[in-house]
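Tertiary structure, described
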Amino acid sequence: MKNYVDIFKVLANEKRLDMLQWLKEPKAHFDKPTAHLSKNINEKGGVCVGDIQEKADMSQSTVSHYLSMMQNAGLLESERHGKWTYYRRNEAVIQEVAEFLKKEL
């Protein structure tokens, strides 16, 4: 069972919610071709942390902290390619949280 309190703490921030929404449909929110992890490299895809930071209009350290919090809560997955880290949503955990809300609350 997930620690839902930690997940809800992460979700209690508007900018982190924005990031999760952007990552739901990355091609609609990140228009630079270099923002996305090439499907040839990894079928799972992902968005570069630098492009998330640019869209969020926040400091790199704050964005990195937010992404780390979301990853630690299980909401995001990351993959490193060279010096770049790419993030994507962990749809299984997001679905689990949605089911928890539907059933328990």
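So, here's what we can say about the structure. (Residues numbered from 1 in each chain as written. Predicted model: local features only at pLDDT ≥ 70, side-chain atom pairs only at ≥ 80, totals over all residues. Heavy atoms only, no water.)

**Let's talk about the overall build of the protein chain**
- Regarding its fold elements, the protein chain presents six helices and three strands.
- Reading the protein chain from its N end, one meets helices and strands in the order α-α-α-β-α-α-β-β-α.
- Put simply, the protein chain has 105 residues, and 39% of those count as buried.
- For the protein chain, long-range pairs separated by at least 24 residues make up 51% of all intrachain contacts whose partners lie at least 6 apart in sequence.
- Total accessible area on the protein chain is roughly 6,600 Å²; 49% of this is exposed by carbon and sulfur atoms. (Helix = DSSP H or I, 4+ residues; strand = E, 2+ residues; numbered from the N terminus. Buried < 20%, exposed > 50% of the residue type's maximum accessible area, 1.4 Å probe, protein only. Contact = heavy atoms within 4.5 Å. Areas by Shrake-Rupley, 256 points an atom, 1.4 Å probe, with all protein chains shown as cover.)

**A few points about the packing of aromatic side chains**
- Applying the stated rule across the entire model yields four aromatic pairs.
- Where Phe8 meets Phe100, the ring centres are 6.3 Å apart and the plane angle is 40 degrees; that geometry is what we call tilted. Highlighted residues: Phe8 in helix H1 (residues 4–11) and Phe100 in helix H6 (residues 91–104), separated in sequence by 92 residues.
- Judged by its relative accessible area of 29%, Phe8 falls in the partly exposed class.
- Lying across the ring of Tyr66, Arg16 places its NZ or CZ 4.6 Å from the centre.
- Note that Lys55 overlies the ring of Trp22, its terminal NZ or CZ placed 5.2 Å from the centroid. (Phe/Tyr/Trp six-rings, centres within 6.5 Å; stacked < 30°, edge-to-face > 60°. Lys NZ or Arg CZ within 6 Å of the ring centre and 35° of its normal.)

**Quick notes on the environment of Phe8**
- For the pair Phe8 and Ala73, spaced 65 residues apart in the sequence, the C-alpha separation amounts to 9.1 Å.
- Contacts of Phe8, omitting those with residues within four sequence positions, involve Val97, Phe100 and Leu101.

**Quick look at the nonpolar core**
- In this structure, Met19, Ile52, Val63, Leu67 and Met70 are the most contacted members of the largest nonpolar core, which totals 24 residues.
- Those elements giving two or more residues to this core turn out to be H1, helix H2 (14–24), helix H4 (49–56), helix H5 (60–72) and H6.
- Once residues lying within four places of it in the same chain are set aside, the contact partners of Val63 are Met19, Val49, Ile52, Gln53, Ala56 and Met58. (Core = buried A, V, L, I, M, F, W, Y, C linked by side-chain atoms within 4.5 Å.)

**Describing unusual backbone geometry**
- For Asp57, which is not glycine, the phi dihedral falls at a positive 55 degrees.
- Topologically, Asp57 is positioned in the loop between H4 and H5.

**Some points on the environment of Cys48**
- You can see Cys48 is positioned in strand E1 (residues 47–48).
- Along the chain, Cys48 and Arg88 lie 40 residues apart, while their C-alpha atoms are 9.3 Å from each other.

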